[in-house]
Amino acid sequence: MKDGFKGFYTPNGELLKSVWSSDKTIFVFDTNVFLNIYSYVEETKEDLFSVLEKIKDRLWIPNHVALEYQKRRLDVIDRERENLSKITNTFNKFNNQIRVDIIQSLG
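Presented here is a report on the structure given in the accompanying data block. Bear in mind that the values here come from a model prediction, so they are computed numbers and not experimental data.

Criteria and thresholds
Residues numbered from 1 in each chain as written. Predicted model: local features only at pLDDT ≥ 70, side-chain atom pairs only at ≥ 80, totals over all residues. Heavy atoms only, no water. Helix = DSSP H or I, 4+ residues; strand = E, 2+ residues; numbered from the N terminus. Rg over C-alpha atoms; globule rule 2.2 N^0.38 Å. Buried < 20%, exposed > 50% of the residue type's maximum accessible area, 1.4 Å probe, protein only. Phe/Tyr/Trp six-rings, centres within 6.5 Å; stacked < 30°, edge-to-face > 60°.

If you tally the helices and strands in the chain, you get four helices and two strands. Mapped from its N terminus to its C terminus, the chain presents α and β elements in the order α-β-α-α-β-α. Against the 2.2 N^0.38 benchmark of 13 Å for 107 residues, the chain shows a C-alpha radius of gyration of 22 Å, more extended than a compact globule. Each of the three principal axes of the chain carries a C-alpha extent, and together these read 70 × 35 × 30 Å. Residues counted as buried form 13% of the 107 residues belonging to the chain.

Before going further, it helps to examine the environment of Ile 37. Along the chain, Ile 37 turns up in the loop between α2 (31-35) and α3 (42-55). Sequence-wise, Ile 37 and Val 76 are 39 residues apart; in three dimensions their C-alpha atoms are separated by 9.8 Å.

Turning to the packing of aromatic side chains, a few remarks are in order. By the definition in use, this model includes four aromatic pairs. Between Phe 29 and Phe 34, the ring centres sit 6.2 Å apart and the planes meet at 90 degrees, which makes this aromatic pair edge-to-face.

Dropping the structure here:
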């Protein structure tokens, strides 16, 4: 049964190392791996790009993944801009309220 459901069992370090270093291993990512890049902090993006660079000769992006990425990327970018705008607005309201409170308390 374990062979039929390998995704439910954590492989040991030696097996993971051999899979990552094998020339026979092909890496295929879901569209969300690429779309999530827009929401990552800079350090996480750099880490992901570093990994992708190391496995680029064994990376395969199916046409459907590329198509989904192209169809959805602008929406994801817009969503991230909206999130940033909401955060900025909330911070500004908070900052303004602090100023008002300080001015009132100091009279």
